[in-house]
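Structural description and commentary
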Amino acid sequence: MTRLDSVIRRLTAQRDLLDWAAREVSAQGLVLELGLGNGRTYDHLRARLPGREIYVFERSPAAHPDCIPPEGYLIVGDIFETLPLFTERFGVGSAALIHSDIGTGDEEANRVLAQRLSPLLETLLQPGGMIIADRAFDLPSCTDISSRTGVAEGRYFVYRR
Ligand code: SAM
């Protein structure tokens, strides 16, 4: 498989899962996008979930101008500082859906990141809420339901509280 094949596979899994989540997500609760990047997945989520409040977390916003969240919905800063403040503001269990795509090519760094991030995400998730992520998380109060989504094993991860 070429690197191009591999990118296409990853992005296809990402898009398929965002579509799946948009169908499955509870009607109540906030939607969180962790890592704005170019704004591609944010753009997809807002198109699939019109009318929903989507908060986006990013430490260095540099997205396509068409994909910048509206005033008040882009939370700028390191997620390990901004997420706890967000939880104080909106409360434990306020999120219906969290999409996390903040990893890099460094697998060890990604593992540490996921370990640190897991308790913060778990606190924010409402009962029945879902986390979709580009890597595995350690979430004792959630069930790994990746295999029920149709996505190939190990490509993208889905958890439900
Ligand atoms: N999903 C995005 C898209 O479709 O365009 C791509 C996201 S990109 C892979 C990851 C983003 O996460 C980067 O823009 C990076 O700046 C951001 N990021 C990584 N670690 C972060 C952290 N600790 N706090 C806030 N943002 C972070």
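Preceding this paragraph is the structure being described.
None of the values given here were measured: they were computed from a predicted structure. (Residues numbered from 1 in each chain as written. Predicted model: local features only at pLDDT ≥ 70, side-chain atom pairs only at ≥ 80, totals over all residues. Heavy atoms only, no water.)

1. Here we look at the overall build of the protein
Counting secondary structure elements, the protein contains 4 helices and 7 strands. The order of helices and strands in the protein, counted from the N terminus, is α-β-α-β-β-α-β-α-β-β-β. Taken over C-alpha atoms, the radius of gyration comes to 15 Å for the protein, in line with the 15 Å a tight globule of 161 residues would show. Relative to its 161 residues, the protein shows a buried fraction of 45%. Put simply, the protein shows about 8,500 Å² of open surface, and 50% of that area lies on carbon and sulfur atoms. Distance from the positive charge centre (18 side chains) to the negative charge centre (22 side chains) of the protein: 4 Å. (Helix = DSSP H or I, 4+ residues; strand = E, 2+ residues; numbered from the N terminus. Rg over C-alpha atoms; globule rule 2.2 N^0.38 Å. Buried < 20%, exposed > 50% of the residue type's maximum accessible area, 1.4 Å probe, protein only. Areas by Shrake-Rupley, 256 points an atom, 1.4 Å probe, with all protein chains shown as cover. Lys, Arg positive; Asp, Glu negative; His and termini not counted. Charge placed at Lys NZ, Arg CZ, Asp CG, Glu CD.)

2. Focus: the site of the ligand
In the region of the ligand, 15 residues are neighbours, and Asn 38, Thr 41, Glu 58, Ile 79 and Asp 101 sit closest. Between an oxygen atom of the ligand and a main-chain N or O atom of Gly 39, the distance comes to 3.1 Å. At a separation of 2.7 Å, a nitrogen atom of the ligand approaches a polar side-chain atom of Asp 101. Taking 600 Å² as the accessible area of the ligand by itself, protein coverage stands at 84%. The cavity that encloses the ligand is the largest pocket. Taken together, the residues of the shell around the ligand break down into 3 nonpolar, 6 polar and 6 charged. (Near = heavy atom within 4 Å. Polar contact = N/O pair within 3.5 Å; in protein donor to acceptor, adjacent residues only side chain to side chain. 1 Å grid on protein atoms, 1.4 Å probe; cavity = no way out; pocket = protein on both sides within 12 Å on 5 of 7 lines; lining within 4 Å. Sits in = over half its atoms within 2 Å of the grid points. Nonpolar A, V, L, I, M, F, W, Y, C, P; charged D, E, K, R; others polar.)

3. Details of the pattern of salt bridges
Taken as a whole and assessed by the stated rule, the structure comprises 8 salt bridges. A salt bridge links Arg 135 to Glu 107; the shortest N-O distance between them is 3.8 Å. Linking Arg 135 in the loop between strand 5 (125-133) and strand 6 (143-144) with Glu 107 in helix 4 (residues 107-124), this pair joins segments that are 28 residues apart in sequence. Judged by its relative accessible area of 12%, Arg 135 is buried. Across the pair Arg 111 and Glu 108 runs a salt bridge, and its minimum N-O distance is 2.8 Å. (Salt bridge = Lys/Arg side-chain N within 4 Å of Asp/Glu carboxyl O.)

4. Some words on the environment of Leu 83
Relative to the assigned elements, Leu 83 resides in helix 3 (residues 79-90). For Leu 83, a relative accessible area of 1% translates into the label buried. Placed 34 residues apart in sequence, Leu 83 and Leu 117 show a C-alpha to C-alpha distance of 9.3 Å. When residues no more than four places from it in sequence are discounted, the contact partners of Leu 83 are Leu 32, Phe 57, Leu 117, Leu 120, Leu 121 and Leu 124. (Contact = heavy atoms within 4.5 Å.)

5. Points about the sheet that holds strand 1 (residues 30-34)
Read across the sheet, 7 strands follow the order 3-2-1-4-5-7-6 without closing on themselves; strand pairing throughout is mixed. Of all the strands in the sheet, the pair left with one neighbour each is strand 3 (74-76) and strand 6. In this structure, strand 1 lies alongside strand 2 (residues 54-58), joined through 4 bridges in parallel fashion. When the bridges of strand 2 are listed, Val 31 appears paired with Ile 54. Here helix 1 (residues 3-24) sits on the sheet in contact with strand 4 (95-100), strand 5 and strand 7 (157-160), set at roughly 165 degrees to strand 5. Across the sheet, helix 3 is in contact with strand 1, strand 2 and strand 3; its angle to strand 2 comes to roughly 155 degrees. (Pairing = 2+ DSSP bridges. Axes fitted to C-alpha atoms, helices over the stretch in contact; angles between N-to-C directions.)

6. Topic: helix 2 (residues 40-48)
A turn of α-helix holds 3.6 residues, and therefore any two residues three or four places apart point the same way. Considered for burial, the residues of helix 2 that qualify are Thr 41, Tyr 42, His 44 and Leu 45. Projection of helix 2 onto a plane perpendicular to its axis shows the buried side chains occupying an angular sector of 160 degrees, all on one side. The exposed set on the far side of helix 2, more than 90 degrees from its buried face, consists of Arg 40 and Ala 47. Among the structural elements, helix 1, strand 1, strand 2 and strand 4 are those in contact with the buried residues of helix 2. (Arc of directions from axis to C-beta.)

7. Focus: the environment of Arg 52
In this fold, Arg 52 is placed in the loop between helix 2 and strand 2. Along the backbone, Arg 52 and Thr 2 are 50 residues apart, and their C-alpha atoms lie at a distance of 38 Å. Beyond its immediate chain neighbours, meaning those up to four positions away, Arg 52 contacts Val 25, Ser 26, Ala 27, Gln 28, Gly 29, Val 31 and Ala 96. Among the polar contacts listed, one links the side chain of Arg 52 to the backbone oxygen of Gly 29, at a separation of 2.8 Å.

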